[in-house]
2 protein chains.
Amino acid sequence: MVHVHGTLTHGKDSHAELHDHASADAVTSALALLHELGERVTAPRRAVLDALAAEHAHATAEQLAAALPDVHRATVYRTVERLAELGIATSMHTGGGTAYHLAVTPTGHEHLHARCRACDRIVVLPADSLQTAVERLGRARLFRLEPDHSELVGLCEDCASTD
Amino acid sequence: MVHVHGTLTHGKDSHAELHDHASADAVTSALALLHELGERVTAPRRAVLDALAAEHAHATAEQLAAALPDVHRATVYRTVERLAELGIATSMHTGGGTAYHLAVTPTGHEHLHARCRACDRIVVLPADSLQTAVERLGRARLFRLEPDHSELVGLCEDCASTD
DNA sequence: ACGCTACTGCGACTGAGTCGCATCGCACAA
DNA sequence: TTGTGCGATGCGACTCAGTCGCAGTAGCGT
């Protein structure tokens, strides 16, 4: 439950909220990037970015909208879509809709997400897991694979062992 | 009333239809497999498998339903879901819903599908494109990657060159 | 502080996907 | 071949994610 209540990081963000600093930093840099790109920094957008940073896994627009009762559903949908267009967030098609997560990380540590088709959990994988495939396909002029946007599916170790 | 009239690979497929023999064979073996698994072979299922084989790319339940006006929408949805459960078809989450394709191929030539995020086309890739990743993740006990079910996303060569 | 215009809230609308139930017909046995 | 049981289908209403157009609001540059 994100619940970024009325005092939406009002003016100055000196007061660290309930979420950890890493998330706060990510939101800060995302907001800065937003501004640099000529986009307006509004309260709803701050709220969406905050919620996005608070979610450790991917979040769907629907989930975000539920977590942000003060932001209109349509606005959440438009916002995440715009964020994805700008590259501030990345999207991934999962069974229950399109899921988003922040692409901007101050530390810059990238990672991939895979979904277990049995328990539906999201597993974090090393960023370079698909490196060989990317290079091979690129060299063969077949496809410019973008691991961030891909949805890897399979079985997590837990589910695989209980087969 | 289903009424998928006579031209539906009735008994013998001596009359070459609009689709090639490979597709017909795939349908035949899929039907056989269906029977072996204790499932009933019905006219609607034949029709869905036929349509599935005729589609060279992935097809969504919606597309299949549109292509099969005599089969009820709900039946198409239930059928493809069941086929996926049985492993006769594989599913993939794409932007416009869940897409399916036949997993049973008589020739056994497997391949992967990737989606271009720009033109939304499906590109066919060599089956072993992710082999390295599969092995690496498996050896590291991180994830049992199943390339068939994964949705690879990126840019096809056409769109990449017009960037 | 002002004005432009991008962004938001709103609520109706669309269409994919689901569900319960009555009926049908496949598969197997006699 | 006919009979029978139960799984599959047709049906149509229902749910709900996602979209759209419009009017009002508020961010940002001046």
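Residues numbered from 1 in each chain as written. Chains lettered and ligands numbered in written order. Predicted model: local features only at pLDDT ≥ 70, side-chain atom pairs only at ≥ 80, totals over all residues. Heavy atoms only, no water.

1. Brief notes about the protein's contact with DNA strand C
Taken together, 22 residues form the shell around DNA strand C, and within it Glu39 and Thr75 of chain A together with Arg40, Glu62 and Tyr77 of chain B come nearest. Within 4 Å of the protein, the contacting atoms of DNA strand C are 62% sugar and phosphate, with bases supplying the remainder. Val41 of chain B is positioned such that a nitrogen or oxygen atom in its backbone is 2.9 Å from a phosphate oxygen of DNA strand C. Every element with two or more residues in the surface near DNA strand C is listed here: helix H2 (43–54) and helix H4 (73–86) of chain A together with helix H4 (73–86) of chain B. When its residues are assigned to classes, the surface near DNA strand C shows 7 nonpolar, 5 polar and 10 charged. (Near = heavy atom within 4 Å. Polar contact = N/O pair within 3.5 Å; in protein donor to acceptor, adjacent residues only side chain to side chain. Helix = DSSP H or I, 4+ residues; strand = E, 2+ residues; numbered from the N terminus. Nonpolar A, V, L, I, M, F, W, Y, C, P; charged D, E, K, R; others polar.)

2. What to know about the sheet that holds strand S4 (residues 111–116) of chain A
The sheet built from 4 strands is open, its strands ordered S5(A)-S4(A)-S7(A)-S6(B) with mixed pairing. Looking at strand neighbours, the two that pair on one side only are strand S5 (122–126) of chain A together with strand S6 (143–145) of chain B, the edges of this open sheet. Shown here is a sheet whose adjacent strand axes are inclined to one another by a mean of 50°, direction ignored. Sheet analysis places S4 of chain A next to strand S7 (residues 152–156) of chain A, joined by 3 bridges and oriented parallel. Across the sheet, residue Ala114 of chain A finds its bridge partner in S7 of chain A, namely Leu152 of chain A. (Pairing = 2+ DSSP bridges. Axes fitted to C-alpha atoms, helices over the stretch in contact; angles between N-to-C directions.)

3. Considerations on the relation of the copies chain A and chain B
Mapping chain A onto chain B leaves a residual RMSD of 0.2 Å; the transformation is a rotation of 180° accompanied by 0.0 Å of translation along its axis. The symmetry that links the two subunits is that of a two-fold axis. Closest approach to the rotation axis within chain A is made by the C-alpha atom of Glu151 of chain A, at a distance of 2.5 Å. (Least-squares fit on C-alpha atoms with pLDDT ≥ 70 in both.)

4. Some points on the domain arrangement of chain A
Residues and elements named next belong to chain A. Segmenting chain A into domains produces domain 1 (21–102) and domain 2 (111–161). Here the C-alpha centroids of domain 1 and domain 2 sit 23 Å apart. Across the contact, 8 residues belong to domain 1 and 7 residues belong to domain 2. A buried area of about 680 Å², summed over both sides, lies between domain 1 and domain 2, and 61% of it is on carbon and sulfur atoms. For the domain 1 face of the interface with domain 2, the top three residues by lost area are His58, Thr90 and Met92, together amounting to 52%. Taken together, domain 1 and domain 2 are joined by 0 salt bridges. The interface formed by domain 1 and domain 2 contains 0 residue pairs in polar contact (both at pLDDT 80 or more). By residue number, the principal contributor to the side of domain 1 that touches domain 2 is strand S2 (residues 89–94), which donates 5 residues. (Domains from an automatic or database assignment. Contact = heavy atoms within 4.5 Å. Buried area = accessible area lost by both parts, 1.4 Å probe. Salt bridge = Lys/Arg side-chain N within 4 Å of Asp/Glu carboxyl O.)

5. Side note on the pattern of salt bridges
Residues and elements named next belong to chain B. Counted under the stated rule, the structure contains 13 salt bridges over all chains. With a closest N to O distance of 2.8 Å, Glu39 and Arg82 form a salt bridge. Here Arg82 lies in helix H4 and Glu39 lies in the loop between helix H1 (21–36) and helix H2 (43–54), a separation of 43 residues in the sequence. Given a relative accessible area of 18%, Glu39 falls into the buried group. (Buried < 20%, exposed > 50% of the residue type's maximum accessible area, 1.4 Å probe, protein only.)

6. Section: H4 of chain A
In this model, H4 of chain A (14 residues) spans 20 Å end to end at C-alpha, consistent with the 20 Å of a helix rising 1.5 Å per residue. Gly87 of chain A occupies a position one or two residues after H4 of chain A and carries a positive phi of about 85°. (Expected span 1.5 Å × (residues − 1).)

7. So, the sheet that holds strand S1 (residues 59–60) of chain B
All names here are of chain B. If you walk across this open sheet you meet the 3 strands as S1-S3-S2, and the pairing is antiparallel. Each having just a single partner strand, S1 and strand S2 (89–94) make up the two edges of the open sheet. In terms of strand pairing, S1 meets strand S3 (residues 97–102) through 2 bridges, oriented antiparallel. Each bridged residue has a counterpart across the sheet, and for Ala59 the counterpart in S3 is Tyr100. Each of S1, S2 and S3 touches H2; the most contacted strand, S3, lies at about 90° to it.

8. Side note on the pairing of S2 of chain B
Residue and element names in this part refer to chain B. Across the 6 residues of S2, 5 count as buried, placing the element largely inside the fold. One ladder, built from 6 bridges, connects S2 with S3; its direction is antiparallel. Residue pairing across strands places Met92 opposite Ala99, the latter belonging to S3. Counting the residues between successive antiparallel strands, the hairpin from S2 to S3 contains 2 residues.

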